[in-house]
Amino acid sequence: MKNVLVTGGAGFIGSNFVRYLLKAEALARVINLDVLTYAGSLENLNELPDVSRHTFVQGDIGDRALVEELFRRYEIDTVVHFAAESHVDRSILGPQLFVQTNVMGTFTLLDVARQVWLNEKSIPLEEVLFHHISTDEVFGSLASCDPAFSESTPYAPNSPYAASKAASDHLVRAYGHTYHLPVTITNCSNNYGPYQFPEKLIPLMILNGIDGKPLPVYGDGLQIRDWLFVEDHCEAIHRVLRKGQTGETYNIGGNNQPTNLEIINTICEILDEKLPSSPQVPHKKLINHVTDRPGHDRRYAMDIHKIQNELGWQPSQDLESGLRLTVDWYLAHPEWVEAIRKQQGYQTWLAQNYQKRGAAG
Ligand code: NAD
Ligand code: TYD
(Lines give C-alpha, C1' and ligand atoms only; values in the text may rest on other atoms or scores of the structure.)
(Ligands and ions follow the chains in the order given, each with its own letter.)
Protein backbone atom coordinates (compact mmCIF):
# COMPACT_ATOMS: atom_id res chain seq x y z
CA MET A 1 0.00 0.00 0.00
CA LYS A 2 2.30 2.76 -1.22
CA ASN A 3 0.19 4.95 -3.49
CA VAL A 4 -3.49 4.91 -2.60
CA LEU A 5 -6.15 6.43 -4.83
CA VAL A 6 -9.05 7.40 -2.57
CA THR A 7 -12.12 8.45 -4.55
CA GLY A 8 -14.70 10.69 -2.89
CA GLY A 9 -12.17 11.58 -0.20
CA ALA A 10 -13.69 15.03 0.36
CA GLY A 11 -17.04 13.55 1.39
CA PHE A 12 -18.15 12.36 4.80
CA ILE A 13 -16.67 8.86 5.13
CA GLY A 14 -13.91 9.45 2.57
CA SER A 15 -12.47 12.45 4.44
CA ASN A 16 -12.58 10.56 7.74
CA PHE A 17 -10.81 7.68 6.00
CA VAL A 18 -8.07 9.90 4.51
CA ARG A 19 -7.39 11.25 8.01
CA TYR A 20 -7.39 7.70 9.43
CA LEU A 21 -5.13 6.24 6.74
CA LEU A 22 -2.50 8.98 6.95
CA LYS A 23 -2.21 8.18 10.66
CA ALA A 24 -2.35 4.40 10.33
CA GLU A 25 0.05 4.04 7.37
CA ALA A 26 3.14 6.17 7.92
CA LEU A 27 4.51 5.48 4.43
CA ALA A 28 1.36 5.64 2.32
CA ARG A 29 0.76 8.50 -0.09
CA VAL A 30 -2.91 9.41 -0.71
CA ILE A 31 -4.18 10.72 -4.04
CA ASN A 32 -7.65 12.03 -3.31
CA LEU A 33 -9.89 12.27 -6.40
CA ASP A 34 -13.13 14.12 -5.76
CA VAL A 35 -15.28 16.23 -8.07
CA LEU A 36 -16.66 18.25 -5.11
CA THR A 37 -20.40 17.88 -5.51
CA TYR A 38 -22.62 19.54 -2.87
CA ALA A 39 -21.54 16.68 -0.53
CA GLY A 40 -17.79 17.17 -0.90
CA SER A 41 -15.78 20.00 0.59
CA LEU A 42 -12.15 20.90 1.13
CA GLU A 43 -13.24 22.03 4.60
CA ASN A 44 -13.62 18.32 5.40
CA LEU A 45 -9.89 17.96 4.85
CA ASN A 46 -8.74 20.47 7.45
CA GLU A 47 -6.47 19.12 10.16
CA LEU A 48 -4.94 16.24 8.16
CA PRO A 49 -2.11 14.60 10.13
CA ASP A 50 0.51 14.83 7.34
CA VAL A 51 -0.49 17.02 4.42
CA SER A 52 2.76 16.32 2.58
CA ARG A 53 1.51 12.78 1.83
CA HIS A 54 -1.90 13.97 0.58
CA THR A 55 -2.56 15.21 -2.96
CA PHE A 56 -6.02 16.50 -3.79
CA VAL A 57 -7.23 16.31 -7.39
CA GLN A 58 -10.58 17.85 -8.31
CA GLY A 59 -12.07 15.63 -10.99
CA ASP A 60 -14.71 13.10 -11.98
CA ILE A 61 -14.28 9.33 -11.53
CA GLY A 62 -16.08 9.01 -14.89
CA ASP A 63 -13.32 10.96 -16.69
CA ARG A 64 -11.34 8.06 -18.10
CA ALA A 65 -8.42 10.11 -19.42
CA LEU A 66 -7.92 11.75 -16.03
CA VAL A 67 -8.20 8.47 -14.10
CA GLU A 68 -5.68 6.77 -16.43
CA GLU A 69 -3.31 9.69 -16.05
CA LEU A 70 -3.52 9.50 -12.24
CA PHE A 71 -2.93 5.73 -12.22
CA ARG A 72 0.22 6.15 -14.29
CA ARG A 73 1.60 9.38 -12.84
CA TYR A 74 1.25 8.27 -9.22
CA GLU A 75 1.83 4.53 -9.78
CA ILE A 76 -1.40 3.75 -7.96
CA ASP A 77 -1.31 0.30 -6.31
CA THR A 78 -4.47 0.54 -4.16
CA VAL A 79 -7.89 2.01 -4.92
CA VAL A 80 -10.33 2.75 -2.10
CA HIS A 81 -13.52 3.73 -3.86
CA PHE A 82 -15.99 5.88 -1.89
CA ALA A 83 -17.13 8.37 -4.55
CA ALA A 84 -20.87 8.15 -5.07
CA GLU A 85 -24.16 9.93 -4.92
CA SER A 86 -25.23 8.71 -1.50
CA HIS A 87 -28.61 10.06 -0.41
CA VAL A 88 -31.76 7.97 -0.87
CA ASP A 89 -34.15 10.96 -0.89
CA ARG A 90 -32.14 12.66 -3.66
CA SER A 91 -32.15 9.42 -5.66
CA ILE A 92 -35.95 9.40 -5.51
CA LEU A 93 -36.13 12.96 -6.86
CA GLY A 94 -33.35 12.54 -9.47
CA PRO A 95 -32.14 8.99 -10.17
CA GLN A 96 -30.13 9.64 -13.36
CA LEU A 97 -27.08 11.10 -11.64
CA PHE A 98 -26.96 7.99 -9.41
CA VAL A 99 -26.65 5.73 -12.42
CA GLN A 100 -24.06 8.04 -13.98
CA THR A 101 -21.81 8.31 -10.93
CA ASN A 102 -22.36 5.06 -9.07
CA VAL A 103 -22.58 2.70 -12.02
CA MET A 104 -20.67 4.37 -14.87
CA GLY A 105 -18.12 5.96 -12.55
CA THR A 106 -17.33 2.63 -10.91
CA PHE A 107 -17.13 0.99 -14.33
CA THR A 108 -14.58 3.59 -15.47
CA LEU A 109 -12.37 3.06 -12.41
CA LEU A 110 -12.51 -0.72 -12.80
CA ASP A 111 -11.72 -0.60 -16.47
CA VAL A 112 -8.75 1.71 -15.98
CA ALA A 113 -7.46 -0.63 -13.23
CA ARG A 114 -7.81 -3.54 -15.67
CA GLN A 115 -5.97 -1.61 -18.39
CA VAL A 116 -3.07 -0.38 -16.25
CA TRP A 117 -2.66 -3.24 -13.77
CA LEU A 118 -3.59 -6.27 -15.89
CA ASN A 119 -2.86 -5.30 -19.50
CA GLU A 120 0.16 -3.05 -19.00
CA LYS A 121 1.31 -5.02 -15.92
CA SER A 122 2.71 -1.83 -14.45
CA ILE A 123 2.88 -3.23 -10.89
CA PRO A 124 3.16 -6.87 -9.70
CA LEU A 125 -0.36 -8.26 -9.37
CA GLU A 126 0.14 -9.35 -5.76
CA GLU A 127 0.75 -5.70 -4.82
CA VAL A 128 -2.50 -4.20 -6.17
CA LEU A 129 -6.03 -4.06 -4.75
CA PHE A 130 -9.31 -2.43 -5.79
CA HIS A 131 -11.47 -1.98 -2.69
CA HIS A 132 -15.09 -0.97 -3.22
CA ILE A 133 -17.21 0.64 -0.48
CA SER A 134 -20.85 -0.39 -0.53
CA THR A 135 -23.92 -0.41 1.65
CA ASP A 136 -26.33 -2.75 3.42
CA GLU A 137 -29.14 -1.17 1.38
CA VAL A 138 -28.34 -3.49 -1.56
CA PHE A 139 -29.98 -6.32 0.43
CA GLY A 140 -33.39 -4.61 0.62
CA SER A 141 -35.67 -4.49 3.64
CA LEU A 142 -36.08 -6.98 6.52
CA ALA A 143 -39.28 -7.92 8.33
CA SER A 144 -39.06 -7.71 12.13
CA CYS A 145 -38.52 -11.47 12.50
CA ASP A 146 -35.95 -11.91 9.67
CA PRO A 147 -32.32 -12.73 10.47
CA ALA A 148 -29.73 -10.00 9.84
CA PHE A 149 -28.13 -9.61 6.39
CA SER A 150 -25.13 -11.87 5.85
CA GLU A 151 -22.61 -11.81 2.99
CA SER A 152 -24.71 -14.45 1.19
CA THR A 153 -28.08 -12.67 1.46
CA PRO A 154 -29.47 -12.19 -2.08
CA TYR A 155 -29.48 -8.63 -3.40
CA ALA A 156 -32.93 -6.95 -3.49
CA PRO A 157 -32.33 -3.18 -3.70
CA ASN A 158 -35.42 -1.00 -3.33
CA SER A 159 -34.40 2.63 -3.96
CA PRO A 160 -32.64 4.01 -7.05
CA TYR A 161 -29.64 4.68 -4.75
CA ALA A 162 -29.55 1.07 -3.55
CA ALA A 163 -30.03 -0.26 -7.09
CA SER A 164 -27.13 1.83 -8.40
CA LYS A 165 -24.87 0.61 -5.58
CA ALA A 166 -25.96 -2.99 -6.22
CA ALA A 167 -25.08 -2.58 -9.90
CA SER A 168 -21.65 -1.24 -8.99
CA ASP A 169 -21.04 -4.15 -6.58
CA HIS A 170 -21.91 -6.59 -9.36
CA LEU A 171 -19.44 -4.91 -11.71
CA VAL A 172 -16.67 -5.14 -9.12
CA ARG A 173 -17.43 -8.81 -8.54
CA ALA A 174 -17.52 -9.49 -12.28
CA TYR A 175 -14.12 -7.80 -12.84
CA GLY A 176 -12.72 -10.00 -10.08
CA HIS A 177 -14.27 -13.16 -11.51
CA THR A 178 -13.70 -12.60 -15.22
CA TYR A 179 -10.40 -10.72 -15.36
CA HIS A 180 -8.96 -11.77 -11.98
CA LEU A 181 -8.66 -8.15 -10.94
CA PRO A 182 -7.78 -8.26 -7.21
CA VAL A 183 -10.93 -6.85 -5.59
CA THR A 184 -12.60 -6.69 -2.19
CA ILE A 185 -16.00 -5.26 -1.26
CA THR A 186 -17.39 -4.06 2.07
CA ASN A 187 -21.11 -3.54 2.66
CA CYS A 188 -21.61 -1.24 5.61
CA SER A 189 -24.63 -0.08 7.58
CA ASN A 190 -25.60 3.57 8.26
CA ASN A 191 -22.65 5.71 9.36
CA TYR A 192 -22.71 8.82 11.54
CA GLY A 193 -20.08 11.11 13.03
CA PRO A 194 -18.02 14.24 12.25
CA TYR A 195 -18.30 15.90 8.82
CA GLN A 196 -21.59 14.23 7.79
CA PHE A 197 -23.61 16.44 5.46
CA PRO A 198 -26.81 17.57 7.24
CA GLU A 199 -29.22 15.93 4.81
CA LYS A 200 -28.86 12.56 6.60
CA LEU A 201 -30.90 11.74 9.70
CA ILE A 202 -28.44 12.27 12.56
CA PRO A 203 -26.75 15.58 11.62
CA LEU A 204 -30.07 17.00 10.40
CA MET A 205 -31.72 16.24 13.74
CA ILE A 206 -28.77 17.63 15.74
CA LEU A 207 -28.68 20.92 13.80
CA ASN A 208 -32.46 21.38 13.67
CA GLY A 209 -32.58 20.63 17.40
CA ILE A 210 -29.93 23.26 18.19
CA ASP A 211 -31.83 25.80 16.06
CA GLY A 212 -35.28 24.99 17.43
CA LYS A 213 -36.55 23.83 14.04
CA PRO A 214 -38.97 20.89 13.62
CA LEU A 215 -37.44 17.38 13.67
CA PRO A 216 -39.07 15.74 10.61
CA VAL A 217 -39.75 12.06 11.33
CA TYR A 218 -40.79 10.15 8.20
CA GLY A 219 -44.00 8.16 8.81
CA ASP A 220 -44.28 6.44 12.19
CA GLY A 221 -40.52 6.65 12.90
CA LEU A 222 -40.37 2.94 13.74
CA GLN A 223 -37.99 2.11 10.88
CA ILE A 224 -34.81 0.40 12.04
CA ARG A 225 -31.23 0.98 10.95
CA ASP A 226 -27.93 -0.46 12.18
CA TRP A 227 -25.72 2.51 13.10
CA LEU A 228 -21.92 2.67 13.01
CA PHE A 229 -19.60 5.46 14.16
CA VAL A 230 -17.59 6.56 11.11
CA GLU A 231 -14.13 5.96 12.62
CA ASP A 232 -15.09 2.36 13.30
CA HIS A 233 -15.97 2.03 9.62
CA CYS A 234 -12.56 3.46 8.66
CA GLU A 235 -10.80 0.96 10.90
CA ALA A 236 -12.77 -1.92 9.38
CA ILE A 237 -11.84 -0.84 5.83
CA HIS A 238 -8.19 -0.60 6.87
CA ARG A 239 -8.36 -4.17 8.23
CA VAL A 240 -9.77 -5.39 4.92
CA LEU A 241 -7.03 -3.60 2.97
CA ARG A 242 -4.38 -5.18 5.18
CA LYS A 243 -5.76 -8.64 5.86
CA GLY A 244 -8.84 -9.20 3.68
CA GLN A 245 -9.02 -12.08 1.23
CA THR A 246 -9.03 -11.01 -2.41
CA GLY A 247 -12.40 -11.69 -4.04
CA GLU A 248 -14.27 -11.60 -0.71
CA THR A 249 -16.98 -9.32 0.60
CA TYR A 250 -17.33 -8.34 4.26
CA ASN A 251 -20.36 -6.95 6.08
CA ILE A 252 -19.69 -4.12 8.53
CA GLY A 253 -22.17 -2.81 11.11
CA GLY A 254 -22.59 -1.45 14.59
CA ASN A 255 -24.46 -4.35 16.17
CA ASN A 256 -27.39 -2.16 17.21
CA GLN A 257 -30.86 -1.73 15.74
CA PRO A 258 -32.72 1.23 17.27
CA THR A 259 -35.79 2.76 15.69
CA ASN A 260 -35.44 6.22 14.17
CA LEU A 261 -37.57 7.60 17.02
CA GLU A 262 -35.23 6.07 19.60
CA ILE A 263 -32.26 7.74 17.91
CA ILE A 264 -34.04 11.10 17.75
CA ASN A 265 -35.10 10.86 21.41
CA THR A 266 -31.51 10.10 22.43
CA ILE A 267 -30.23 13.10 20.44
CA CYS A 268 -32.86 15.29 22.14
CA GLU A 269 -31.76 14.07 25.60
CA ILE A 270 -28.09 14.73 24.81
CA LEU A 271 -28.98 18.24 23.57
CA ASP A 272 -31.03 18.91 26.75
CA GLU A 273 -27.99 17.94 28.80
CA LYS A 274 -25.41 19.88 26.74
CA LEU A 275 -27.55 23.00 26.28
CA PRO A 276 -29.51 23.22 29.57
CA SER A 277 -30.37 26.91 29.20
CA SER A 278 -31.58 26.63 25.61
CA PRO A 279 -35.21 27.77 25.07
CA GLN A 280 -35.62 24.50 23.08
CA VAL A 281 -35.45 22.32 26.22
CA PRO A 282 -37.04 19.75 26.16
CA HIS A 283 -35.93 19.23 22.54
CA LYS A 284 -38.44 16.37 22.13
CA LYS A 285 -41.20 18.93 21.70
CA LEU A 286 -39.72 19.63 18.24
CA ILE A 287 -40.49 16.10 16.96
CA ASN A 288 -42.82 16.33 13.97
CA HIS A 289 -44.15 13.32 12.03
CA VAL A 290 -44.26 14.04 8.28
CA THR A 291 -45.28 12.12 5.14
CA ASP A 292 -43.20 8.98 4.69
CA ARG A 293 -40.49 8.41 2.08
CA PRO A 294 -41.85 6.46 -0.93
CA GLY A 295 -40.70 2.82 -0.86
CA HIS A 296 -39.15 3.36 2.59
CA ASP A 297 -37.16 0.30 3.75
CA ARG A 298 -38.43 -0.82 7.14
CA ARG A 299 -35.46 -2.51 8.72
CA TYR A 300 -31.75 -3.13 8.12
CA ALA A 301 -29.54 -5.29 10.35
CA MET A 302 -26.02 -6.58 9.74
CA ASP A 303 -24.52 -9.92 10.67
CA ILE A 304 -20.86 -9.00 11.25
CA HIS A 305 -19.52 -12.42 12.32
CA LYS A 306 -17.34 -12.82 9.25
CA ILE A 307 -15.25 -9.67 9.74
CA GLN A 308 -15.16 -10.28 13.51
CA ASN A 309 -13.95 -13.87 13.16
CA GLU A 310 -11.66 -13.54 10.16
CA LEU A 311 -10.17 -10.07 10.63
CA GLY A 312 -10.67 -9.49 14.37
CA TRP A 313 -12.56 -6.21 13.88
CA GLN A 314 -15.39 -4.93 16.02
CA PRO A 315 -16.94 -1.53 16.68
CA SER A 316 -15.33 0.44 19.49
CA GLN A 317 -18.17 2.94 20.04
CA ASP A 318 -21.66 2.03 21.14
CA LEU A 319 -24.54 4.19 19.94
CA GLU A 320 -24.74 6.38 23.05
CA SER A 321 -20.99 7.16 23.14
CA GLY A 322 -20.86 7.70 19.36
CA LEU A 323 -23.85 10.06 19.44
CA ARG A 324 -22.26 12.06 22.26
CA LEU A 325 -19.04 12.45 20.27
CA THR A 326 -21.06 13.48 17.24
CA VAL A 327 -23.18 16.09 19.06
CA ASP A 328 -19.97 17.50 20.62
CA TRP A 329 -18.37 17.74 17.19
CA TYR A 330 -21.30 19.66 15.64
CA LEU A 331 -21.45 22.01 18.65
CA ALA A 332 -17.70 22.66 18.34
CA HIS A 333 -17.74 23.36 14.58
CA PRO A 334 -20.27 26.17 13.92
CA GLU A 335 -18.09 27.54 11.10
CA TRP A 336 -18.30 24.22 9.20
CA VAL A 337 -22.08 24.21 9.64
CA GLU A 338 -22.33 27.83 8.53
CA ALA A 339 -20.36 27.12 5.33
CA ILE A 340 -22.86 24.40 4.39
CA ARG A 341 -25.84 26.57 5.22
CA LYS A 342 -24.52 29.25 2.86
CA GLN A 343 -23.81 26.72 0.12
CA GLN A 344 -25.85 27.34 -2.97
CA GLY A 345 -28.47 24.64 -3.25
CA TYR A 346 -28.69 23.50 0.38
CA GLN A 347 -31.70 25.63 1.27
CA THR A 348 -33.30 24.68 -2.06
CA TRP A 349 -32.80 21.01 -1.21
CA LEU A 350 -34.42 21.45 2.21
CA ALA A 351 -37.38 23.21 0.62
CA GLN A 352 -37.71 20.55 -2.10
CA ASN A 353 -37.57 17.61 0.29
CA TYR A 354 -39.52 18.96 3.27
CA GLN A 355 -41.86 21.79 2.27
CA LYS A 356 -44.34 19.63 0.39
CA ARG A 357 -44.43 16.87 3.03
CA GLY A 358 -47.68 17.10 4.96
CA ALA A 359 -48.23 15.67 8.42
CA ALA A 360 -47.90 11.86 8.55
CA GLY A 361 -51.23 10.20 7.79
P1 NAD B 1 -20.96 11.63 0.63
O2 NAD B 1 -22.14 11.92 -0.22
O3 NAD B 1 -20.74 12.36 1.91
O4 NAD B 1 -19.61 11.83 -0.22
C5 NAD B 1 -19.48 11.41 -1.53
C6 NAD B 1 -18.24 12.08 -2.11
O7 NAD B 1 -18.08 11.63 -3.46
C8 NAD B 1 -18.35 13.61 -2.16
O9 NAD B 1 -17.16 14.20 -1.70
C10 NAD B 1 -18.55 13.90 -3.65
O11 NAD B 1 -18.02 15.17 -4.05
C12 NAD B 1 -17.80 12.74 -4.29
N13 NAD B 1 -18.26 12.45 -5.64
C14 NAD B 1 -19.55 12.31 -6.07
N15 NAD B 1 -19.58 12.08 -7.39
C16 NAD B 1 -18.28 12.04 -7.80
C17 NAD B 1 -17.67 11.84 -9.06
N18 NAD B 1 -18.40 11.63 -10.16
N19 NAD B 1 -16.32 11.87 -9.14
C20 NAD B 1 -15.57 12.11 -8.03
N21 NAD B 1 -16.11 12.32 -6.83
C22 NAD B 1 -17.44 12.30 -6.71
O23 NAD B 1 -21.00 10.06 0.87
P24 NAD B 1 -20.57 9.20 2.13
O25 NAD B 1 -21.70 9.15 3.08
O26 NAD B 1 -19.24 9.64 2.58
O27 NAD B 1 -20.47 7.76 1.45
C28 NAD B 1 -19.25 7.33 0.85
C29 NAD B 1 -19.44 5.94 0.28
O30 NAD B 1 -19.84 5.05 1.32
C31 NAD B 1 -20.52 5.85 -0.80
O32 NAD B 1 -20.07 4.96 -1.78
C33 NAD B 1 -21.72 5.27 -0.06
O34 NAD B 1 -22.54 4.54 -0.93
C35 NAD B 1 -21.04 4.38 0.95
N36 NAD B 1 -21.78 4.15 2.20
C37 NAD B 1 -22.27 5.21 2.92
C38 NAD B 1 -22.94 4.98 4.12
C39 NAD B 1 -23.46 6.12 4.95
O40 NAD B 1 -24.17 5.88 5.93
N41 NAD B 1 -23.14 7.37 4.67
C42 NAD B 1 -23.12 3.67 4.58
C43 NAD B 1 -22.60 2.62 3.81
C44 NAD B 1 -21.93 2.87 2.63
P1 TYD C 1 -30.85 8.54 6.05
O2 TYD C 1 -29.92 9.19 7.02
O3 TYD C 1 -31.29 9.30 4.86
O4 TYD C 1 -30.16 7.17 5.64
P5 TYD C 1 -30.79 5.91 4.79
O6 TYD C 1 -32.04 6.30 4.15
O7 TYD C 1 -29.68 5.68 3.81
O8 TYD C 1 -30.95 4.81 5.80
O9 TYD C 1 -32.15 8.08 6.85
C10 TYD C 1 -32.06 7.22 7.97
C11 TYD C 1 -33.47 6.93 8.43
O12 TYD C 1 -34.05 8.14 8.92
C13 TYD C 1 -34.37 6.44 7.33
O14 TYD C 1 -35.28 5.49 7.87
C15 TYD C 1 -35.14 7.69 6.92
C16 TYD C 1 -35.25 8.47 8.21
N17 TYD C 1 -35.29 9.95 8.08
C18 TYD C 1 -36.31 10.66 8.69
O19 TYD C 1 -37.20 10.11 9.37
N20 TYD C 1 -36.32 12.02 8.55
C21 TYD C 1 -35.39 12.69 7.82
O22 TYD C 1 -35.47 13.95 7.72
C23 TYD C 1 -34.33 11.93 7.22
C24 TYD C 1 -33.27 12.62 6.40
C25 TYD C 1 -34.32 10.55 7.36
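The structure we're discussing is the one just above.
The structure displayed is predicted, hence computed values, not measured ones.

A.B. asks: Please clarify how the overall build of the protein chain should be interpreted in this entry.
C.D. replies: Scanning the protein chain for helices and strands turns up 12 helices and 11 strands. In summary, the protein chain has a C-alpha radius of gyration of 20 Å against a globular reference of 21 Å for 361 residues, a match within 12%. Along the longest, intermediate and shortest principal axes, the C-alpha atoms of the protein chain span 65 × 45 × 40 Å. Relative to its 361 residues, the protein chain shows a buried fraction of 56%. Taking as baseline every contact in the protein chain between residues at least 6 positions apart, the subset at least 24 positions apart corresponds to 83%. Element-wise, carbon and sulfur atoms account for 52% of the exposed surface of the protein chain, whose accessible area totals about 15100 Å². On the protein chain, the mean spot of the 31 positive side-chain charges and the mean spot of the 43 negative ones are 2 Å from each other.

A.B. asks: Help me understand helix α4 (residues 96–119) in this model?
C.D. replies: An α-helix turns once per 3.6 residues; consequently, residues spaced three or four apart project the same way. At M104, α4 shows its maximal bend, which comes to roughly 25°. Two residues or fewer past α4, K121 is found with a positive phi of approximately 50°.

A.B. asks: Would you take a moment to explain the environment of S15 for this structure?
C.D. replies: Take S15: it is sitting in helix α1 (residues 12–24). A residue is classified by how much of its surface remains accessible, and S15, at 0% relative accessible area, is buried. The spatial distance from the C-alpha of S15 to the C-alpha of F139 is 26 Å, given a sequence separation of 124 residues. Apart from the residues within four sequence positions on either side, S15 is in contact with G9, A10, N44, L45 and Y195. Within the local environment of S15, its side chain forms a polar contact with the backbone oxygen of G11, the two atoms lying 2.6 Å apart. From its side chain, S15 meets the backbone oxygen of F12 in a polar contact 3.1 Å long.

A.B. asks: Quick question: what am I supposed to make of empty space enclosed by the protein here?
C.D. replies: Scanning all chains against the criterion turns up 1 cavity of 30 Å³ or more. Here the largest cavity defines a volume of roughly 60 Å³. Taken together, F12, Y38, A39, G40, S41, N44, Y195, F197, W336, I340 and Q343 make up the full set of residues lining the largest cavity. Residue classes in the lining of the largest cavity are distributed as 7 nonpolar, 4 polar and no charged. Taken domain by domain, the makeup of the lining of the largest cavity includes at least three residues from each of domain 1 (3–189 + 228–256 + 299–317) and domain 2 (197–224 + 258–295 + 318–361).

A.B. asks: Explanation requested: the sheet that holds strand β6 (residues 183–188) in the structure shown.
C.D. replies: Strand pairing within a sheet occurs via backbone hydrogen bonds; the two strands may be parallel or antiparallel. One open sheet holds the 7 strands; their spatial order is β3-β2-β1-β4-β5-β6-β10, and the pairing between them is parallel. Each of the sheet's edge strands pairs with one partner strand only, and the pair in question is β3 (54–58) and β10 (249–252). Strand after strand, the sheet turns through a mean of 20° between neighbouring axes, direction not considered. Sheet topology note: the strand β4 (residues 78–81)/strand β5 (residues 129–135) ladder contains 4 bridges and is parallel. Residue pairing in the sheet places V79 in a bridge with F130 of β5. Against the sheet, helix α5 (residues 160–179) contacts β5 and β6, and its axis sits at roughly 155° relative to β5. Where helix α7 (residues 230–243) meets the sheet, its contacts fall on β4, β5, β6 and β10, and the angle it forms with β5 comes to roughly 145°.

A.B. asks: When you look at helix α11 (residues 334–342) in this model, what are you seeing that I'm missing?
C.D. replies: Where α11 is concerned, the buried positions are W336, V337 and I340. Axial view of α11: buried residues confined to an arc of 100°, hence all on one face. Buried residues along α11 sit in contact with α6 (201–211), α10 (319–332) and α12 (346–355).

A.B. asks: I would appreciate a short explanation of the site of ligand 1 in the present structure.
C.D. replies: Near ligand 1, the surroundings consist of 28 residues, among which I13, D34, S86, Y161 and K165 are the closest. The fraction of the free accessible surface of ligand 1 (830 Å²) that becomes covered by protein chains is 96%. Those elements that provide at least two residues to the shell around ligand 1 are α1, β5, α5 and β7 (190–192). At 3 residues, β5 tops the list of elements feeding residues into the shell around ligand 1. Partitioned by chemical class, the residues of the shell around ligand 1 number 13 nonpolar, 12 polar and 3 charged.

A.B. asks: Can you help me understand the packing of aromatic side chains in this one?
C.D. replies: Aromatic ring pairs are described here by two measures, namely the spacing of the ring centres and the angle between the planes. Inspection of the entire model under this criterion finds 17 aromatic pairs. The interplanar angle of 90° and the centroid separation of 5.4 Å between the aromatic rings of F197 and Y346 together place this pair among those described as edge-to-face. A residue pair is termed long-range when its members are at least 10 positions apart, and F197 in the loop between β7 and α6 and Y346 in helix α12 qualify at 149 residues. You can call F197 buried: its relative accessible area is 6%. An angle of 35° between the planes, with centres 6.4 Å apart, marks the rings of Y218 and Y354 as tilted. Residue Y218 is found in strand β8 (residues 215–218), and its partner Y354 is found in helix α12; the two are separated by 136 residues along the sequence. Taken as a pair, Y218 and Y354 share a single burial class, namely buried. Ring pairing ties together the aromatic residues F139, F149, Y155 and Y300, which thus form one cluster. One Lys or Arg, R90, reaches over the ring of W349 and ends 4.4 Å from the middle of that ring.

Parameters and conventions
- Residues numbered from 1 in each chain as written.
- Chains lettered and ligands numbered in written order.
- Predicted model: local features only at pLDDT ≥ 70, side-chain atom pairs only at ≥ 80, totals over all residues.
- Heavy atoms only, no water.
- Helix = DSSP H or I, 4+ residues; strand = E, 2+ residues; numbered from the N terminus.
- Rg over C-alpha atoms; globule rule 2.2 N^0.38 Å.
- Buried < 20%, exposed > 50% of the residue type's maximum accessible area, 1.4 Å probe, protein only.
- Contact = heavy atoms within 4.5 Å.
- Areas by Shrake-Rupley, 256 points an atom, 1.4 Å probe, with all protein chains shown as cover.
- Lys, Arg positive; Asp, Glu negative; His and termini not counted.
- Charge placed at Lys NZ, Arg CZ, Asp CG, Glu CD.
- Bend = angle between axes of the 7 residues up to and from the residue.
- Polar contact = N/O pair within 3.5 Å; in protein donor to acceptor, adjacent residues only side chain to side chain.
- 1 Å grid on protein atoms, 1.4 Å probe; cavity = no way out; pocket = protein on both sides within 12 Å on 5 of 7 lines; lining within 4 Å.
- Points joined across faces, edges and corners; volume = space filled by probe spheres on them.
- Nonpolar A, V, L, I, M, F, W, Y, C, P; charged D, E, K, R; others polar.
- Domains from an automatic or database assignment.
- Pairing = 2+ DSSP bridges.
- Axes fitted to C-alpha atoms, helices over the stretch in contact; angles between N-to-C directions.
- Arc of directions from axis to C-beta.
- Near = heavy atom within 4 Å.
- Phe/Tyr/Trp six-rings, centres within 6.5 Å; stacked < 30°, edge-to-face > 60°.
- Lys NZ or Arg CZ within 6 Å of the ring centre and 35° of its normal.

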